[in-house]
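Per-entry structural report
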Amino acid sequence: MKHITAVAALPDAARAFAALKAHLLADHRNPAINTDTQVRVVLEGNALDMRCEGEQLMFSIEARNDNMLYFIREAVVEHLAELNAEQAEALLWSDGSAQASHPPNFQVLTLLRKFWVAPGLLRMTLLSPDAARLLHDGLHVKLMVPLQADVVARWPEVAPNGKTNWPKGEYRLVVRYFTLRDVRPDAQEVDIDVMEHVGGHVFEWGLQARAGDELGIMGPGGGLPPEPGRTVLFVADRTALPTVARIANLQTDLNAQVLALVPDGWPVLEYLGTSPWPVTPVNEHLSPEDLQALIHAEVSARQTDLLWFGGEHGHYRLLKQTTWPVHVKDTEVVCFWKRGGSRDAVGHD
């Protein structure tokens, strides 16, 4: 277990603590400690502890490995910068912070081949000499390609406070989140499926790229499969089906069902392959209200205890605000894209 600490001196430390605590609890509703001067959250074996003492904010991070340590430390610095940029810039950690030029979870992948794995879904198979490391800590990575196709990529570096410094100007990178559809360490290969999206930088890069071209990734981080034995309803459109497919490969001990939001006739069964769960195609143009009603009926009929959704913002927004039956203990409702946007179908900066 990795353990680091840092202290920020702030004249308004109590106000900053309250703001940081509110943000933390918005994402983590079951803190291990929650008082007027201390908050501690534990997630997937990692922990962040924050205390306010006089005019000081004291941070303590415990992480399973360097990858998770990096993610948590960077999040602390970014949120502190929103309140006091000067103190965030000056923050120093007990381990001396960044020692490497690139983030510890960064690597360059090389395109081996690409093909249309299903209508509107482009598969990129990439060479990863360190593919075994991608099997742990989550399903998703930050994928990055140059904004300008005619420049040689410059990759992110880590600042002394733990913040990531991204290339600027003509070397700016487009960064999006994507799911690792498959990881094959023995072959040093990774599959990433990209939804067709005119104007989407990563899709356009994949469409034009040739074998030997390089992109960068950071991660994995976040999005672990549900715990064994749970009763789960997966609701996913084509942008989120790669995640469902990966979960199906990793965690078969679930009482699960899949509602796939796809065009009529789209080969969802062929794409998911030997899915251990029943799959029901649903027209992707279903209104948010009709989808909400359908999900209500399904979770009630099956006594679902975990609702998992990945898809478009309109559906996401309504489902996020919905009150579900009491037997739905947990929800993972995630926006993968926004209709009418010019950005890639999956991910964000």
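Refer to the structure printed above.
A brief report on the enclosed structure follows.

At a minimum axis distance of 10 Å, the contact between helix 1 (residues 13-27) and helix 2 (residues 66-83) shows a crossing angle of 130°. Between helix 1 and helix 2, the angle is such that the two are oblique. Note that helix 1 runs across helix 2; the crossing there is right-handed. Listed contacts from helix 2 to Arg15, Ala16, Ala19, Leu20 and His23 of helix 1 are His79, Leu80 and Leu83. Here the residues of the contact of helix 1 with helix 2 are counted per class, giving five nonpolar, two polar and one charged.

Strands in a sheet are paired, the pairing made by backbone hydrogen bonds, and the direction either parallel or antiparallel. Spatially, the five strands line up as an open sheet ordered 1-5-4-3-2, and their pairing is antiparallel. Only two strands of the sheet have a single partner each, and these edge strands are strand 1 (2-9) and strand 2 (33-34). As judged from the two bridges shared by strand 2 and strand 3 (residues 38-43), these two strands associate in the antiparallel manner. Bridge pairing in strand 3 places Ile33 opposite Arg40. Each of strand 2, strand 3, strand 4 (46-53) and strand 5 (56-63) touches helix 1; the most contacted strand, strand 4, lies at about 155° to it. Contacting strand 1, strand 4 and strand 5, helix 2 crosses the sheet at an angle of about 160° to strand 5.

Reading the values: the criteria
Residues numbered from 1 in each chain as written. Predicted model: local features only at pLDDT ≥ 70, side-chain atom pairs only at ≥ 80, totals over all residues. Heavy atoms only, no water. Axes fitted to C-alpha atoms, helices over the stretch in contact; angles between N-to-C directions. Helix = DSSP H or I, 4+ residues; strand = E, 2+ residues; numbered from the N terminus. Parallel < 35°, antiparallel > 145°, perpendicular 65-115°, else oblique. Left-handed = near helix turned anticlockwise from the far one by under 90°. Contact = heavy atoms within 4.5 Å. Nonpolar A, V, L, I, M, F, W, Y, C, P; charged D, E, K, R; others polar. Pairing = 2+ DSSP bridges.

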